[in-house]
Amino acid sequence: MTRTVSAAAPTVDDATAERLAAALRCATVSREDHTETDPAEFDRLTAHLEHCFPLVHTHLDCETFGHSRLYRWTGAADGPVTTFDGSARTGPATDADSGGAVANGNTAAGGNAATPPADSGATADGAAISGYRPAPAVDAVELGGAERVSAILLAHMDVVPVDDEAGWTHPPFAGVVDDEFIWGRGAIDDKSRVMAILEAVEGALEAGVRPRGTVYLAFGHDEEVFGEGGAGRMAARLRDAGVRAELLIDEGGVITTGVAAGVAQPVATIMVGEKGFATVRLSVSAVGGHSSMPGRQTAVGQLARAVARLQDHPFPLRLTPVTLDMLARLRSVVSEPRRTLLGAVGWAGPAVARVLAAQPTTEALVRTTTAPTMISGGVKPNVLPQRAEAYVNFRILPGDSVADVLTHCRRVIRDKGVIVELSGTASEPSPDPAAGPAFELIADLTREVVPGVAVTVGIVPGATDSRYYDDLAATRCNFASIILTAADLARIHGTDERISRANYARLITFNRRLIDRLAQS
């Protein structure tokens, strides 16, 4: 069955929507306590992927790292495909000319039942799969070397938990499809990207299209809990093999409408790096006693003063090179008086930074942010607390570091009775983020998929799996070609997460056109 996606009026057919919906029915929730993560849900998703994309699982090799999956699509310029198990095979290679069509011979996995375990040989509706077999475990062999690697395409298969299931229009793991939307946890973050990449690759294989350089697909299983077991291990595998890609794409930026102040048209923010993060634990110990004789301050009061000092004395405002580039690219599409202000950014930088700092969404662009998030202390109203502690989360602007965060905290608090230390995992910001050599390719594809869009750069305020791959590609782009409003953005990690059929069509078309370009160059 061949499907066509129109860029002018994008949509996906019911079969394509149902394949995504079936993936959303797999409750692949990551939890910081890994013993609470249900591996059977990931097995069900694995079986679904292998059933829906038979050409991918025939012509690409797949190495697993826990439930993470690293696919290798050997490029036409590199000759026969060398598989992970050491065997060789030759695949077809043709020049691509899809004209925006998304071709794929798969049938939908029907019904609302969850996808079965990976060894069951059944579809999401319980039907037997003819010729089905789980992907075999394979031994790793040498990768990379002198081969040309065109791209590493990242996405993640895990999702965050749901705290407010009663508030959802449809149950979060029901995978409901209607005329306009596909509903469920992971619809935007990030199963739609996993499925769109596979839809595009499957369609390219069916059409005989093959990239000239090798392409890797890296799908993590634990991005929502820092990604060490998935992306961390896959990146190390590629690094040890000497892989260096021309392009890395992951989640992060999107196309927004009605979000950028003073800009009427949609704005595509292609992120070229990300901020670092660190959580600092502040703790105070005291003797305790009865509240009728409190002394000059209690542990809670001493801690509260420290937290207030951090919040009242944030990191200084600073315009980084990537933020200056972002503003320069937007200047031609913003309205007055913002356009004039941006034209004077060379000498009016401090004023521009203050304007950006006035809103939380843009303040993150111009400073390392400070967010007290948790505080506790005491056991009873009339008992002096013997211990109090607080947690403060910092999102670190490129140019600052985790060590700078600790130094800042100690300097601002100025109290040796408050212990300052890191808590949990910390990550440094991207080093020197900037638009790389392949940035314009992604910008051009975005303009093809969404005509009239304004394109700029940015940095991801949160953390993504791509931080593990920073040194493995000449160009890094965190971006998905979907159009979202402010209300849509609030659904990510929130209530009623969903993706429109139009946006899902844009994702598939973008990835297919990217493959076409990689086949031509």
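Rules and cut-offs
Residues numbered from 1 in each chain as written. Predicted model: local features only at pLDDT ≥ 70, side-chain atom pairs only at ≥ 80, totals over all residues. Heavy atoms only, no water. Helix = DSSP H or I, 4+ residues; strand = E, 2+ residues; numbered from the N terminus. Buried < 20%, exposed > 50% of the residue type's maximum accessible area, 1.4 Å probe, protein only. Lys, Arg positive; Asp, Glu negative; His and termini not counted. Salt bridge = Lys/Arg side-chain N within 4 Å of Asp/Glu carboxyl O. Polar contact = N/O pair within 3.5 Å; in protein donor to acceptor, adjacent residues only side chain to side chain. Contact = heavy atoms within 4.5 Å. 1 Å grid on protein atoms, 1.4 Å probe; cavity = no way out; pocket = protein on both sides within 12 Å on 5 of 7 lines; lining within 4 Å. Points joined across faces, edges and corners; volume = space filled by probe spheres on them. Nonpolar A, V, L, I, M, F, W, Y, C, P; charged D, E, K, R; others polar.

1. Observations regarding the side chain of Arg-506
Alright, step 1. Following the sequence through the fold, Arg-506 ends up in helix H14 (residues 501-520).
Alright, step 2. Asp-488 provides the closest opposite charge to the buried, salt-bridge-free Arg-506, at an N-O distance of 9.0 Å.
Alright, step 3. Within the structure, the side chain of Arg-506 is placed 2.9 Å from the side chain of Asn-503, a separation counted as a polar contact.
Alright, step 4. Setting aside residues up to four positions removed in sequence, Arg-506 forms contacts with Pro-10, Val-449, Val-450, Ser-481 and Ile-483.

2. Section: empty space enclosed by the protein
Alright, step 1. Summed over the entire model, instances satisfying the criterion amount to two cavities of 30 Å³ or more.
Alright, step 2. Within this model, the second largest cavity holds a volume of roughly 60 Å³.
Alright, step 3. Lining the second largest cavity are Leu-153, Arg-193, Ile-197, Ile-249, Phe-479, Ala-480, Leu-507, Phe-510 and Asn-511.
Alright, step 4. Those elements that place two or more of their residues in the lining of the second largest cavity are helix H4 (191-206), strand E19 (476-484) and H14.
Alright, step 5. Looking at the lining of the second largest cavity element by element, the count peaks at three residues for H14.
Alright, step 6. The residue inventory of the lining of the second largest cavity, partitioned by class, reads seven nonpolar, one polar and one charged.

3. With respect to the pattern of salt bridges
Alright, step 1. Tallying each qualifying case throughout the model produces 24 salt bridges.
Alright, step 2. Linking Glu-274 and Arg-476 is a salt bridge whose minimum nitrogen-to-oxygen distance equals 2.5 Å. Highlighted residues: Glu-274 in strand E11 (residues 267-274) and Arg-476 in strand E19, separated in sequence by 202 residues. Residues Glu-274 and Arg-476 agree in their burial class; the two are buried.
Alright, step 3. Here Arg-367 and Glu-363 are joined by a salt bridge, their closest N and O atoms 2.5 Å apart.

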